[in-house]
Amino acid sequence: MIKTLNQKECYMVLERNYIGHLAYMFYHQPFIAPITYFYDTANHWILAYAAEGHKINAMRKHRDVALQVEEVTSVNEWKSVLVHGTYEELTGSYAKAQLHSFSLGVKDLIMMKEHKDVDFLSEFSSKIHLGDVPVVYVIKIDAINGKQRDDHDS
C-alpha cells in the first residue's frame, strides 16, 4: 500500500540521510546529479557544496531546484521525499562556517548509519588552505512531500 507522508515524516527522512538526487535546469534541459547534503534543522535548509562547473553555473542561472531523497529497504518497502526549493550561494567566512557544519553533520550521520569513522574536516581544511574553496550553497525549502510503500501494513 502506498501512502502520503506527512510533513514531519518527510523532514525525518531528509534529516536521517545525506545522499540525494539534485534536479536542476540548464538551457531548457533537466539534469539530475547525486549529491551529498546535510539538512540543517536550525536554519531549515539543505546545505551542500560543489566545485565550480556545470551544476553550479546552471543553478546560478536558474535557481529553482529539486532534491529527491529515498530510503529503500526492498521493492515493497520504501520512502521517497521530494523537496522543491531555491538555490542560494554562501560566501566568505559564513560559507566556511557552514561547510564546517556540513562536514560535522554528515560525519555524524555516516557514523550512525554505517558505523564508519570519516574525517571530512581534514579534507576541507586542506582545500581551504590551498585556496581551492568549494562553492558552498543552500537549498531554501519551498515545499516538501513524500510517499511511502509498505506492504507489511496490509
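Placed above this text is the structure.
Residues numbered from 1 in each chain as written. Predicted model: local features only at pLDDT ≥ 70, side-chain atom pairs only at ≥ 80, totals over all residues. Heavy atoms only, no water.

A. Focus on the environment of Asp151. Secondary-structure assignment places Asp151 in the segment after β8 (135-150). With 149 residues separating them along the chain, Asp151 and Ile2 place their C-alpha atoms 8.1 Å apart. Excluding residues that lie within four positions of it along the chain, Asp151 makes contacts with Met1 and Asn76. At 2.7 Å, the side chain of Asp151 and the backbone nitrogen of Met1 are in polar contact. (Helix = DSSP H or I, 4+ residues; strand = E, 2+ residues; numbered from the N terminus. Contact = heavy atoms within 4.5 Å. Polar contact = N/O pair within 3.5 Å; in protein donor to acceptor, adjacent residues only side chain to side chain.)

B. Quick look at the pairing of strand β5 (residues 45-50). Most of β5 is tucked away: five of the six residues are buried. Connecting the antiparallel pair strand β4 (residues 38-40) and β5 is a turn made up of four residues, with His44 showing a positive phi of about 55°. Note that β5 and β8 share six bridges and pair antiparallel. Bridge pairing links Ala48 to Tyr137 in β8. (Buried < 20%, exposed > 50% of the residue type's maximum accessible area, 1.4 Å probe, protein only. Pairing = 2+ DSSP bridges.)

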